[in-house]
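# Geometric and topological summary
Chain residues, written in single-letter form:
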Amino acid sequence: MTSDPASVLLSQLARHWKGLLTLGIVFVVLGTLGLGAVGLFTLVGVLWFGAILIFGGVLQIAQAFRASGLPRSLLFLAIGLLYALLGLYVVSQPQAAASALTLLIALALVLTGLLRLLLAWQMSPVVSPWLPALTGVLGLVLAGMIFSEWPESSAWVIGLFIAIELLLNGWMLIMVALTVRRRASS
């Protein structure tokens, strides 16, 4: 006899609710600290991104020497060098990298905002379009705020987004932990 997947998940989460709660609290504390240190969070986030690029590039370069066949090896090598060089640039020029990444974030917000407005318009005959429309408008407003303050906004945008993500994830983990604890005990 197979168990209900939802009850299995509830059981597993209930066994580890304290760990989820602790992790959630840590994320909320870090996110709150991040709101007061968005510049530092931006710098750390950009440096972390650069380190990941370097690490990925080194792994890709190593793969190039393991791959059989010259054309494939050269492609692996080229991709690895591109990653590693981009990572080295990001680490050595974090302010310029933050500026470029902030522009990419603003462009992504514009595109997703427009697509959400299109989605709201297409959904309007079937369901209420207010939530996609609201998120689309908010995305466009946020993008406008970033563009209007650029390049100065690159000092705070990435750090603010990291802090907000930590806060949202932390509160979500706290709510899950408390909910599964309550449901498992009833």
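Residues numbered from 1 in each chain as written. Predicted model: local features only at pLDDT ≥ 70, side-chain atom pairs only at ≥ 80, totals over all residues. Heavy atoms only, no water.

To continue, consider helix H5 (residues 94-123). In a regular helix each residue adds 1.5 Å, so 30 residues correspond to 44 Å; H5 covers 42 Å between its end C-alpha atoms and thus fits that length. Within H5, burial applies to Pro94, Ala97, Ala98, Ser99, Thr102, Ala106, Leu109, Gly113 and Ala120. (Helix = DSSP H or I, 4+ residues; strand = E, 2+ residues; numbered from the N terminus. Expected span 1.5 Å × (residues − 1). Buried < 20%, exposed > 50% of the residue type's maximum accessible area, 1.4 Å probe, protein only.)

Core analysis: the biggest nonpolar cluster contains 12 residues, these being Trp17, Leu20, Leu21, Phe27, Val28, Phe41, Leu166, Leu167, Leu173, Ile174, Ala177 and Val180. Elements represented by at least two residues in this core include exactly helix H2 (17-36) and helix H7 (157-185). By residue number, the principal contributor to this core is H7, which donates 6 residues. Residues within four places of Ile174 in sequence aside, it is in contact with Leu21, Gly24, Ile25 and Val28. By size, the runner-up hydrophobic cluster in this structure holds 6 residues, among which are Val46, Leu53, Ala97 and Ala98. (Core = buried A, V, L, I, M, F, W, Y, C linked by side-chain atoms within 4.5 Å. Contact = heavy atoms within 4.5 Å.)

A cluster of nonpolar residues, Ile25, Val26, Val29, Leu30 and Leu33, forms a patch on the protein surface that exposes about 410 Å² of accessible area. Within the element layout of this structure, Ile25 appears in helix H2. (Patch = residues over 30% accessible without salt bridge, like charges linked within 9 Å, V, L, I, M, F, W, Y side chains within 5 Å. Areas by Shrake-Rupley, 256 points an atom, 1.4 Å probe, with all protein chains shown as cover. Salt bridge = Lys/Arg side-chain N within 4 Å of Asp/Glu carboxyl O.)

This part is about the environment of Pro5. Assignment of secondary structure puts Pro5 in helix H1 (residues 5-15). Look at Pro5 and you get exposed, because its relative accessible area is 64%.

A contiguous patch of positive charge, built from Lys18, Arg181, Arg182 and Arg183, is present on the exposed surface. Here the positive patch gets 3 residues from one element, more than from any other, and that element is H7. Assignment of secondary structure puts Lys18 in helix H2. (Lys, Arg positive; Asp, Glu negative; His and termini not counted. Charge placed at Lys NZ, Arg CZ, Asp CG, Glu CD.)

With an omega of 10°, the peptide bond between Trp150 and Pro151 qualifies as cis. Secondary-structure assignment places Pro151 in the loop between helix H6 (130-149) and H7.

Take the environment of Gln95 next. In this structure, Gln95 sits in helix H5. Sequence spacing of Gln95 and Phe55 is 40 residues, and the spatial spacing of their C-alpha atoms is 20 Å.

Close contact between H5 and H7 brings their axes to 9 Å; oriented N to C, the two are set at 60°. Counting all contacts with H5, which are made through Ala98, Leu101, Thr102, Ile105 and Leu109, the residues of H7 involved are Val157, Ile158 and Phe161. Along the lines of polarity and charge, the residues of the contact of H5 with H7 split into 7 nonpolar, 1 polar and no charged. (Axes fitted to C-alpha atoms, helices over the stretch in contact; angles between N-to-C directions. Nonpolar A, V, L, I, M, F, W, Y, C, P; charged D, E, K, R; others polar.)

The subject of this paragraph is the confidence of the model for the protein chain. Residues at a pLDDT of 70 or more form 97% of the protein chain, whose mean pLDDT is 88. Averaged pLDDT values over the elements of the protein chain bottom out at 78 in H1 and peak at 94 in H2. (pLDDT = per-residue confidence, 0-100.)

Let's shift gears to H2. The first and last C-alpha atoms of H2 sit 29 Å apart over 20 residues, in line with the 28 Å expected at 1.5 Å per residue. Of the residues making up H2, those classed as buried are Trp17, Leu20, Leu21, Gly24, Phe27, Val28, Gly31 and Gly34. The arc that holds the buried residues of H2, viewed along the axis, is 150°, so those residues lie on one side. Turned more than 90 degrees from where H2 packs its buried face, Lys18, Leu33 and Gly36 sit exposed. Residues of H2 that are buried in the fold lie against H1, helix H3 (38-66) and H7. (Arc of directions from axis to C-beta.)

Attention shifts here to the packing of aromatic side chains. Between two aromatic rings, the relevant description is the distance of the centres plus the angle of the planes. Tallied over the full model, the rule gives 0 aromatic pairs. Arg181 extends its terminal NZ or CZ atom over the ring of Trp17, reaching a point 4.8 Å from the ring centre. (Phe/Tyr/Trp six-rings, centres within 6.5 Å; stacked < 30°, edge-to-face > 60°. Lys NZ or Arg CZ within 6 Å of the ring centre and 35° of its normal.)

The next thing to look at is the packing of H5 against H6. At a minimum axis separation of 7 Å, H5 and H6 run at an interaxial angle of 155°. Judged on the interaxial angle alone, H6 and H5 are roughly antiparallel. When you trace H5 past H6, the crossing you get is left-handed. (Parallel < 35°, antiparallel > 145°, perpendicular 65-115°, else oblique. Left-handed = near helix turned anticlockwise from the far one by under 90°.)

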